[in-house]
Amino acid sequence: RALQLLMETRMLDLATLESVLDRVAKKQKTVSDNAISLIDILINAFEDAKRRMRDGTETVPGALTQLQDLIKQTQEGCSSNYKGYLQELTGAAKHMDGAFSELHMYQTKGWNPESSICDQIIADHLYRVGCFDIGEVYEKETQLTVSLSLQKPFREMFHVLEQLKCRDLSSALEWCNEYSKVADMSSSQSARLHELLFQLHKLQIICMLERGEKVTVVAYVREQLSTPHVQRNPQRAKETQRLVSAVLWAGKLASSPYAAFLDEALWNEAAYLFTTVACSALGLPKDSNLAVCIAAGYLALPTLAKYAQLRPKFRGTACELQMPDFGPELQFHSTFACPVIQQVSTPNNPPMLLPCHHVLSQSAINSLVKSGGRLKCPYCPCECAHDQCMTLHLYNIPAPSSA
């Protein structure tokens, strides 16, 4: 969401800037055409004066006087047109500075990342978004090794996505059948694959219902949606019942109680889920490293810039930096910050649960232990023994899916 918002905002800025630059380009062409026209007139005047002086129809002083006046007029005309072009160009530069003025606030001093790493991240991102030709050119220009191993699977992925846009499910189903043969698939990958297969079979059935193929739908449901992965899942089993019930409205879904099956969002959801499964099959997250960094930076940089501006005014005083909510899409690991020592927990300093249900880090608890191995909670009157504190394990709990 953050990346999408960033892209929409920047696309509007770029669209406005593009119109401004188009106006500058048109002005430049007009100025150039006018200058060429004036110079052609001047050249013709020189040729005409040369011919008249040779014929003796005009004296040399008279011809030179006329040419001097014409040169002056040509120079004034070119200068006037060029000033108008410079005004347009200056206006475009000011607009660019205004549209991207916040970028000057985010310049990091003293940070010099290794260029080869940045080049590889950019090249990987180009492949991840389907810009294969640009990615190859970029790798050649930056003298990187062409990532053929990364190109092939992503080319296949984008081929399937293009087929999904055309409402063709054959490539996606074939890819899933091939991927299902992988032996060392994790449980989470298997769960996502079965969810994707169900979505694809559901869309296939919807296409059959649109064509009015009642008998084919019933046979397809018996063949593809009678598996344990569907029947043991209450939500999928309920959705299968709805698909079977929709057979009564085959050929006229738009005017039926099942018109929601024709929603374009179902295809977008299948494409999103396929992208997630395909990237997971490669051992990669759905979004590239560059995309995640841009999205996180878009959310965090305004707060950091404001903090950097205000920090000198509150030097010597405690100033807490409250970062914005990044949302679940940018939260990859559960973390715990100890309220006593103000540090994020680590494997060597895990969070500990006290009997009073307050949570502190192991280092904080060790510092609070008194003689006899007992300690008092700093947030309530509860006292306990050190061995009563339990290590607290934090896990990412996925949000419940909507029915």
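Structural notes, computed from the coordinates. All figures in this text were calculated on a predicted structure; none of them were measured in a lab.

Quick notes on the overall build of the protein chain
Argument step 1. Secondary structure summary: the protein chain contains 13 helices and five strands in total.
Argument step 2. Across the 403 residues that make up the protein chain, the buried fraction comes to 29%.
Argument step 3. A sequence separation of at least 24 residues applies to 56% of the contacts in the protein chain between residues at least 6 apart.
Argument step 4. When the accessible area of the protein chain is evaluated, it comes to approximately 26,500 Å², of which 56% is carbon and sulfur surface.

Quick word on the pattern of salt bridges
Argument step 1. Across all of its chains, the model carries 15 salt bridges by this definition.
Argument step 2. In this structure, Arg51 engages Asp48 in a salt bridge whose closest nitrogen and oxygen atoms are separated by 2.3 Å. One end of the pair, Arg51, and the other, Asp48, are both in helix H1 (residues 2-55), three residues apart, so they sit about a helical turn from each other.
Argument step 3. We note a salt bridge from Lys181 to Glu178, for which the minimum N-O separation is 3.6 Å.
Argument step 4. Using a relative accessible area of 62% as the deciding quantity, one classes Lys181 as exposed.
Argument step 5. Residues joined in a network through salt bridges with shared partners are Asp48, Arg51, Arg52, Asp55 and Glu58.

A word on the nonpolar core
Argument step 1. Judged by nonpolar contacts, the single largest core of 46 residues is most densely connected at Leu200, Ile205, Leu209 and Phe274.
Argument step 2. Of all elements in the fold, only helix H5 (148-165), helix H6 (170-179), helix H7 (187-211), helix H8 (214-224) and helix H11 (264-281) reach the threshold of two or more residues within this core.
Argument step 3. Here this core gets eleven residues from one element, more than from any other, and that element is H7.
Argument step 4. Contact partners of Leu209, with chain neighbours within four places excluded, come to Val217, Leu243, Ala246, Val247, Ala250, Gly251 and Leu253.
Argument step 5. Residues Phe336, Met352, Ile365 and Cys389 belong to the second largest nonpolar core, which totals twelve residues.

Observations concerning the environment of Ala271
Argument step 1. Within the secondary structure, Ala271 is located in helix H11.
Argument step 2. Given the relative accessible area of 22%, Ala271 is considered partly exposed.
Argument step 3. Through-space distance from the C-alpha of Ala271 to that of Ala172 is 9.4 Å; in sequence the pair is 99 residues apart.
Argument step 4. Setting aside residues no more than four positions away along its own chain, Ala271 makes contact with Leu161 and Leu164.

So, H7
Argument step 1. Between its terminal C-alpha atoms H7 stretches 36 Å, which fits the 36 Å expected from 25 residues at 1.5 Å a residue.
Argument step 2. Looking one or two places after H7, you find Gly212, whose phi comes out positive at around 80°.

Observations regarding helix H10 (residues 234-245)
Argument step 1. Across its twelve residues, H10 extends 17 Å between first and last C-alpha, which sits within 8% of the 16 Å expected from 1.5 Å per residue.
Argument step 2. Elements in contact with the buried residues of H10: H7, H8 and helix H9 (228-231).
Argument step 3. The N-capping residue of H10, defined by a side-chain oxygen 3.0 Å from the backbone nitrogen of Gln235, is Asn233.

A closer look at the sheet that holds strand E2 (residues 359-361)
Argument step 1. Within the open sheet, the three strands sit side by side as E2-E1-E5. Their pairing is antiparallel. One side of each edge strand has no neighbouring strand; the edge strands of this open sheet are E2 and strand E5 (390-391).
Argument step 2. Sheet analysis places strand E1 (residues 351-353) next to E2, joined by three bridges and oriented antiparallel. Residue pairing in the sheet places Pro351 in a bridge with Ser361 of E2.

Focus on the packing of H6 against H7
Argument step 1. Taken N-terminus to C-terminus, the directions of H6 and H7 make an angle of 155°; their axes are 10 Å apart at the nearest point. Judged by the angle between their axes, H6 and H7 are roughly antiparallel. Between H6 and H7 lies a crossing whose hand is left-handed. Residues Ala172, Leu173, Cys176 and Tyr179 of H6 pack against Gln189, Leu193, Leu196, Leu197, Leu200, His201 and Gln204 of H7.
Argument step 2. Looking at the contact of H6 with H7, its residues break down into eight nonpolar, three polar and no charged.

A few points about unusual backbone geometry
Argument step 1. A positive phi is found at Gln143, a non-glycine position, where the angle reads about 60°.
Argument step 2. One can find Gln143 in the loop between helix H4 (132-141) and H5.

Here we look at the environment of Gln28
Argument step 1. Looking at where Gln28 falls in the secondary structure, it is placed in helix H1.
Argument step 2. For Gln28 and Leu86, which are 58 residues apart along the polypeptide, the C-alpha to C-alpha distance reads 9.1 Å.

Here we look at the packing of aromatic side chains
Argument step 1. Inspection of the entire model under this criterion finds six aromatic pairs.
Argument step 2. The interplanar angle of 85° and the centroid separation of 5.9 Å between the aromatic rings of Phe132 and Phe158 together place this pair among those described as edge-to-face. Here Phe158 lies in helix H5 and Phe132 lies in helix H4, a separation of 26 residues in the sequence.
Argument step 3. Put simply, the rings of Tyr127, Phe132 and Phe158 pair up and form one aromatic cluster.

Notes on the packing of H7 against H11
Argument step 1. The interhelical angle for the contact between H7 and H11, taken along N-to-C directions, is 150°, at an axis separation of 10 Å. Classified by the angle between their axes, H7 and H11 sit roughly antiparallel to one another. Where H7 crosses over H11, the handedness of that crossing is left-handed. Contacts from Gln189, Arg192, Leu193, Glu195, Leu196, Gln199, Lys202, Leu203, Ile206 and Cys207 in H7 reach Leu266, Trp267, Glu269, Ala270, Leu273, Phe274, Thr276, Val277, Ser280 and Ala281 in H11.
Argument step 2. Across the contact of H7 with H11, the residue classes tally to twelve nonpolar, four polar and four charged.

A short note on the environment of Asp119
Argument step 1. For Asp119, the position within the fold is in helix H3 (residues 115-128).
Argument step 2. For Asp119, a relative accessible area of 17% puts it in the buried group.
Argument step 3. Residues contacting Asp119, with those up to four places away along its chain left out, are Tyr138, Thr142 and Leu144.

Quick notes on the rules
Residues numbered from 1 in each chain as written. Predicted model: local features only at pLDDT ≥ 70, side-chain atom pairs only at ≥ 80, totals over all residues. Heavy atoms only, no water. Helix = DSSP H or I, 4+ residues; strand = E, 2+ residues; numbered from the N terminus. Buried < 20%, exposed > 50% of the residue type's maximum accessible area, 1.4 Å probe, protein only. Contact = heavy atoms within 4.5 Å. Areas by Shrake-Rupley, 256 points an atom, 1.4 Å probe, with all protein chains shown as cover. Salt bridge = Lys/Arg side-chain N within 4 Å of Asp/Glu carboxyl O. Core = buried A, V, L, I, M, F, W, Y, C linked by side-chain atoms within 4.5 Å. Expected span 1.5 Å × (residues − 1). Polar contact = N/O pair within 3.5 Å; in protein donor to acceptor, adjacent residues only side chain to side chain. Pairing = 2+ DSSP bridges. Axes fitted to C-alpha atoms, helices over the stretch in contact; angles between N-to-C directions. Parallel < 35°, antiparallel > 145°, perpendicular 65-115°, else oblique. Left-handed = near helix turned anticlockwise from the far one by under 90°. Nonpolar A, V, L, I, M, F, W, Y, C, P; charged D, E, K, R; others polar. Phe/Tyr/Trp six-rings, centres within 6.5 Å; stacked < 30°, edge-to-face > 60°.

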